[in-house]
Amino acid sequence: MAGGAAHPGAELLAFARFLDSSLQPLVYGYGPGRLRELRAREFGRLAGTVYLDHAGTTLFPQSQITSFMKDLMENIYGNPHSQNISSKLTHDTVEHVRFRILAHFHTSPEDYTVIFTSGSTAALKLVAEAFPWVSPGPEGSGSCFCYLTDSHTSVVGMRKITAAMNVTSIPVRPEDMWSADRQDMAAAGDPTGDPTGDPAGQPLHLFCYPAQSNFSGTRYPLSWIGEVKSGRRRPASRPGKWFVLLDAAAFVGTSPLDLSVHQADFVPLSFYKIFGFPTGLGALLVNNRLAPLLRKTYFGGGTAAAYLAGDDFYVPRESVAERFEDGTISFLDVIALKHGFDALERLTGGMENVRQHTFTLAQYTYAALSSLRYPNGAPVVQIYTDSEFSSPEVQGPVISFNVLDDNGNIVGYSQVDKMASLHNIHVRTGCFCNTGACQRHLGISDEMVKKHLQAGHVCGDDVDLIDGQPTGSVRISFGYMSTLEDAQAFLRFIIATRLRPSHGQPLPLATPGEAGALPEDSEAQDAVPATRARGSPSPQEDASPHSGVWNNLPATVDAEGLCLPLLEATGTQQTTSEKAADVPDGDLRSHVVTNLYLYPIKSCAAFEVTRWPLGSQGLLYDRSWMVVNHNGVCLSQKQEPRLCLIQPFIDLQRRVMVIKAQGMEPIEVPLEENSEQVQICQSKVCADRVNTYDCGEKISNWLSKFFGRPYHLIKQSSDFQRNAKKKHGKDQSARTTAALSLVNEAQYLLINRSSILELQQQLSTSCENGKEELFPMNNLISRFRANIITNGTRAFEEEKWDEISVGSLRFQVLGPCNRCQMICIDQQTGQRNQDVFQKLSERRERKVKFGVYLMHTSLDLSSPCYLSVGSQVLPLLKENIEHHDIPATEKFQDAIS
């Protein structure tokens, strides 16, 4: 960033200096120039993007997919349960892949069996159901299921199955496992852990732990496997024989696993963690010594050697894999694994190289993050680790952390995620399906978890702070194709948003084919240039949302939800004194509607009006259309910023929507569908299913030409009603019956000019000496994409309102709008600028809220309903709402100043 001297803590740690200071040899890349070549050839789609969620899923190389598709095009693979030639080819290929998997983990079919599942979760469920549990009885306490509290949800969930079998479940804390006594070999019993040593005479126990924590990246000792099985280290003081399940899903994506040395009894896997493709395929590796003891109840196609349909007679197949693979396996996905192994070995030379490379990046990033300090000496981040990143034996390429402000307060992970997306950086946030580790590292008690649930927080949402305490963290993770430039781009993002002064510089859009900026100290020969795109869409000539104002509406409008004909202004109104009682400070003219906007196409440009009809879902035709991709997925400016350059205009007289964009001929779309010709389709908005119809090939071609990729325009069907689901306020009937268009949460969004003015002033002070040009008021207003703009008296006073009246129309205030990174997009140019989001966050104490949601209260559509610029807005404060209700008998529905 230009201008202003940065604090010393803002300097990026030089990679060469880091390597020189390391106490151990570090390896970066896979040989001179190979990583740069790998990224350019295999991962061109990453240009302009920093992907740091490899622990969620790594990415597949282009050659893997090309090779797999070539295989499918040249061969015929039939159902492996048949006996024809194509089926035999499938069977033999699948068996070859089984051998390949075992060889990858340094073992053989003599020691382990590969059981294909839909993923590691299904593999864990299979173990819970098939393990030879012993229920407690008069002669003993029975089996015990122990699991490390730093385990994935899918491991903890096994306890529900064991509970149904009356088996005790015991959570074991990592610190307790570390300090568990290593018992004397003679007192421990059978040192081999051989399950054939009279298992009938003693209960069988199972201990589950992760090879690598998916929360912090901590790698737990593989030596625990042998120690637990031999009895030298016991998770719980229970007599009996112990078996070990090693959850390797998070570990094997970036590290080798040698099962010839560390002979776990069960090893669940998910292959997308290793290759990125295929998804929905995993395996359970079962130690053959334990396999005869496993129990099977259900049997599916292909698992039976023989059975009778009319009698309880069933004989399973002899092969362990065939016995447990119910139905036809996903054989084409299994065949894809062969190409995954080929590509991974060809590109990296093996998992040990991957382990060294990814750890080097993680250790460098950890060192750089740890060194960042505010001018007052306070740390910029809090990192959650048990290892201090001392070696790849104890730490995987995962960094879990929270960002702090200069007072030591945590900045919510949701805000960090949104800011990262503005820099085209992909991270993971939350607890990562590992509540136990999250609680341990963040100091969250059991009572707090329950309290957070009562406050509305559930796993996976964006509720990041409750009472100032974090509910989760930010996680970055590296994969085999990650580069030094990825790490440094992330570090520069943290420095730019926490330590550097803002200068109002726009963030350019990522352009396919362009890479990110080359690091200042790039001495690694494998570095990939990662320059950010300097170009941006040209400003649209007619991009201003203020064009196309409709001042004169027809006397009659034949549209859904509009009552006709238009009546003269008649009806009961409040007296002046009645209105004054409801207005703060008694100022009758303190709140007036200054602007009205609707957004006919979701995420496209605003259409400003001075007077507009209301329907049952809000302003008539507001968010009635949306742009979707070739898969029918709704697009927003977060994915496609240039949507703001599409300008829709509603012509009620001609009953068409005219759509304009720079360099394109205007195109018209009918306001209503032809019920005999429409193609009904379904899509989703904010997790809600909506019935829509396709607006046709002509507009689809128009959009596809403008954006350079296949897009469609769809409209919500007139006979489909989507109801508001969030419960706000006291009016139960209003909550449950409010109809929504394609809006996110509510029918209307209101913002206050006083709030905008305060933000504008804050943005001006962020510039050195105040010399930078202010964000124009209209520019800021357009970023927040509100329907109703008022002139207010105090900033953010609207958040204290419970209801408002505009003329005789009444609206319930549902609460503030939580903002996403879309407010950083200039609605006239499509360029990004993070300053608006960051300054708003600072002003609102790390919660990016702006504007309030409104919903109709007892809207009467038996007479015409309009909103008009100049109308007086009468707010009702929350504490006064019980005393200042407007009579429900009022029928006049035209808000006129």
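No experiment lies behind these values; they were computed from the predicted model shown. (Residues numbered from 1 in each chain as written. Predicted model: local features only at pLDDT ≥ 70, side-chain atom pairs only at ≥ 80, totals over all residues. Heavy atoms only, no water.)

Some words on the overall build of the chain
If you tally the helices and strands in the chain, you get 24 helices and 39 strands. For the chain, with 897 residues in total, the buried portion stands at 56%. Sequence-distant contacts, at least 24 apart, represent 75% of the contacts inside the chain between residues at least 6 apart. Here the chain has roughly 37,300 Å² of accessible surface; of this, 50% comes from carbon and sulfur atoms. (Helix = DSSP H or I, 4+ residues; strand = E, 2+ residues; numbered from the N terminus. Buried < 20%, exposed > 50% of the residue type's maximum accessible area, 1.4 Å probe, protein only. Contact = heavy atoms within 4.5 Å. Areas by Shrake-Rupley, 256 points an atom, 1.4 Å probe, with all protein chains shown as cover.)

Some words on the pairing of strand 5 (residues 204–210)
Among the seven residues that make up strand 5, seven are buried, leaving the element largely enclosed by the rest of the structure. Along strand 5, one buried face is formed by Leu204, Leu206, Cys208 and Pro210 and the opposite face, lined by His205, Phe207 and Tyr209, is buried too. Bridging between strand 3 (residues 144–148) and strand 5 involves three bridges; their strand directions are parallel. The residue of strand 5 that forms the bridge with Tyr147 is Cys208. Here strand 5 pairs with strand 6 (residues 241–247) via seven bridges, running parallel. Bridge assignment links Leu204 to a residue of strand 6, and that residue is Lys241. Regarding topology, helix 10 (residues 223–230) serves as the crossover connection from strand 5 to the parallel strand 6, and that connection is right-handed. (Pairing = 2+ DSSP bridges. Right-handed = clockwise from strand over helix to strand, strands pointing away.)

Notes on empty space enclosed by the protein
Evaluation of the coordinates by the stated rule reveals five cavities of 30 Å³ or more. Approximately 140 Å³ is the volume attributed to the largest cavity. If you go around the second largest cavity, the residues you meet are Val403, Val411, Gln415, Val416, Met419, Phe493, Ile494, Thr497, Arg498 and Gln838. Elements represented by at least two residues in the lining of the second largest cavity include exactly helix 15 (413–422) and helix 18 (484–498). Examining the composition of the lining of the second largest cavity, we find that four residues originate from one element, helix 18, more than from any other. (1 Å grid on protein atoms, 1.4 Å probe; cavity = no way out; pocket = protein on both sides within 12 Å on 5 of 7 lines; lining within 4 Å. Points joined across faces, edges and corners; volume = space filled by probe spheres on them.)

Looking at the environment of Glu95
Mapped onto the elements of the fold, Glu95 is located in helix 4 (residues 85–104). Judged by its relative accessible area of 24%, Glu95 falls in the partly exposed class. Between the C-alpha atom of Glu95 and that of Val334, which follows or precedes it by 239 residues, the distance is 9.6 Å. There is a polar contact of 2.9 Å between the side chain of Glu95 and the side chain of Arg98. (Polar contact = N/O pair within 3.5 Å; in protein donor to acceptor, adjacent residues only side chain to side chain.)

Let's talk about the packing of aromatic side chains
According to the stated counting rule, one finds 33 aromatic pairs in the structure shown. Relative to Phe389, the ring of Tyr366 lies with its centre 4.3 Å away and its plane at 15 degrees, an arrangement referred to as stacked. In this pair, Tyr366 is assigned in helix 14 (residues 351–371) and Phe389 in the loop between strand 11 (381–383) and strand 12 (398–404), connecting sequence segments 23 residues apart. The buried category is assigned to Tyr366, whose relative accessible area is 12%. Put simply, the rings of Phe131, Trp133, Phe145, Tyr147, Phe243 and Phe266 touch in pairs and so form one group of aromatic residues. Positioned above the aromatic ring of Phe649 is the side chain of Lys660, whose terminal nitrogen or guanidinium carbon lies 5.0 Å from the ring centre. Sitting over the ring of Trp625, Lys715 keeps its end group 5.2 Å from the ring centre. (Phe/Tyr/Trp six-rings, centres within 6.5 Å; stacked < 30°, edge-to-face > 60°. Lys NZ or Arg CZ within 6 Å of the ring centre and 35° of its normal.)

Digging into the state of the cysteines
All chains considered together, the criterion is met by one disulfide. Here Cys431 is linked by a disulfide to Cys438, with a sulfur-sulfur distance of 2.1 Å. An S-S torsion of about -50 degrees defines the bridge between Cys431 and Cys438 as left-handed. Exposure class is identical for Cys431 and Cys438. Each is buried. (Disulfide = S-S within 2.5 Å.)

A short note on the sheet that holds strand 25 (residues 647–651)
One open sheet holds the three strands; their spatial order is 25-26-27, and the pairing between them is antiparallel. At either end of the open sheet lies a strand with only one pairing partner, and these are strand 25 and strand 27 (667–670). Put simply, the sheet's adjacent strands are angled 25 degrees from each other on average, direction ignored. Along the sheet, helix 20 (residues 697–707) contacts strand 26 (656–660) and strand 27; its crossing angle with strand 27, the most-contacted strand, is approximately 140 degrees. (Axes fitted to C-alpha atoms, helices over the stretch in contact; angles between N-to-C directions.)

Comments concerning the pattern of salt bridges
Under the defined criterion, the tally for this structure stands at 29 salt bridges. With a shortest N-O distance of 2.9 Å, Arg41 and Glu37 are connected by a salt bridge. Taken as a pair, Arg41 and Glu37 lie in helix 2 (residues 34–42) at a separation of four residues, close to a single helical turn. Residue Glu37 is classed as partly exposed on the basis of its relative accessible area of 49%. Here Lys451 makes a salt bridge to Asp467, at a shortest N to O gap of 3.1 Å. Linking Lys451 in helix 17 (residues 446–454) with Asp467 in the loop between strand 16 (465–466) and strand 17 (469–470), this pair joins segments that are 16 residues apart in sequence. (Salt bridge = Lys/Arg side-chain N within 4 Å of Asp/Glu carboxyl O.)

As for helix 16 (residues 435–442)
For helix 16, the full list of buried residues reads Ala437, Cys438, Gln439, His441 and Leu442. On the buried face of helix 16, the contacting elements are strand 12, helix 17 and strand 17. Downstream of helix 16 by one or two residues, Gly443 has phi in the positive range, about 70 degrees.

As for the sheet that holds strand 39 (residues 873–877)
Strand order in the open sheet formed by eight strands is 21-19-34-33-37-36-35-39, and the pairing between neighbours is mixed. Edge positions in the sheet fall to strand 21 (607–609) and strand 39, since each of these pairs with one other strand and no more. Neighbour to neighbour, the strand axes of the sheet diverge by 30 degrees on average, direction disregarded. Judged from the four bridges that link them, strand 35 (residues 801–806) and strand 36 (residues 809–818) form a sheet pairing that is antiparallel.

Remarks on the nonpolar core
Judged by nonpolar contacts, the single largest core of 138 residues is most densely connected at Ile101, Phe116, Leu257, Phe271 and Phe490. When residues of this core are assigned to their parent elements, the largest contribution, nine residues, is made by helix 14. Sequence-distant contacts of Phe271, defined by excluding residues within four places in its chain, comprise Ile101, Phe116, Gly276, Pro278, Leu281, Gly282, Ala283 and Leu337. The next biggest cluster of nonpolar side chains, apart from the first, holds 58 residues, and it includes Val609, Trp612, Val656 and Phe811. (Core = buried A, V, L, I, M, F, W, Y, C linked by side-chain atoms within 4.5 Å.)

Some points on the pairing of strand 27
In the case of a regular strand, side chains alternate between the two sheet surfaces. Because side chains alternate across strand 27, one face comprises the buried residues Ile667 and Val669, and the other comprises Glu668 and Pro670, none of which is buried. The sheet contact formed by strand 26 and strand 27 spans four bridges and is antiparallel. Note that in strand 27 the partner of Val658 across the bridge is Glu668. Two successive antiparallel strands, strand 26 and strand 27, enclose a turn made up of six residues, where Gly663 displays a positive phi of approximately 80 degrees.

Examining unusual backbone geometry
For residues that are not glycine, phi is negative in most cases, and the peptide bond is trans in most cases. Between Phe277 and the following residue, Pro278, the backbone shows a cis peptide bond with an omega angle of 5 degrees. With respect to the helices, strands and loops of the structure, Pro278 is situated in the loop between helix 11 (272–275) and strand 8 (282–287). Not every positive phi belongs to a glycine, and Asn424 is a case in point at roughly 60 degrees. One can find Asn424 in the loop between helix 15 and strand 14 (425–426).

Considering the side chain of Ser754
Turning to its location among the elements, Ser754 is positioned in helix 22 (residues 753–765). Not counting residues within four places of it along the chain, the set of residues in contact with Ser754 comprises Asn791, Gly792, Thr793, Arg794 and Ala795.

Considering a nonpolar patch on the surface
A contiguous nonpolar patch, built from Leu308, Phe313 and Val315 and spanning about 240 Å² of accessible area, is present on the exposed surface. Tracing the backbone through its elements, the reader meets Phe313 in the loop between strand 9 (304–307) and strand 10 (314–316). By relative accessible area, which is 38% here, Phe313 ends up partly exposed. (Patch = residues over 30% accessible without salt bridge, like charges linked within 9 Å, V, L, I, M, F, W, Y side chains within 5 Å.)

Considering the confidence of the model for the chain
Taken over all residues, the pLDDT of the chain has a mean of 82, while the share at 70 or more is 81%. This model gives residues 1–5 a pLDDT under 50, and the stretch forms nine contacts once residues within four places in sequence are excluded. This stretch, residues 727–736, has a pLDDT under 50; its non-local contacts, to residues over four places away or in other chains, come to 19 contacts. (pLDDT = per-residue confidence, 0-100.)

Re the packing of helix 14 against helix 18
It is at 10 Å that the axes of helix 14 and helix 18 come closest, and there the two elements cross at 20 degrees. With respect to helix 18, the axis of helix 14 lies roughly parallel. In the packing of helix 14 onto helix 18, the handedness of the crossing is right-handed. Between helix 14, through Leu361, Tyr364, Thr365, Ala368 and Leu369, and helix 18, the contact on the second element is made entirely by Leu484, Ala487, Gln488, Phe490, Leu491 and Ile494. Within the contact of helix 14 with helix 18, the residues separate by chemical class into nine nonpolar, two polar and no charged. (Parallel < 35°, antiparallel > 145°, perpendicular 65-115°, else oblique. Left-handed = near helix turned anticlockwise from the far one by under 90°. Nonpolar A, V, L, I, M, F, W, Y, C, P; charged D, E, K, R; others polar.)

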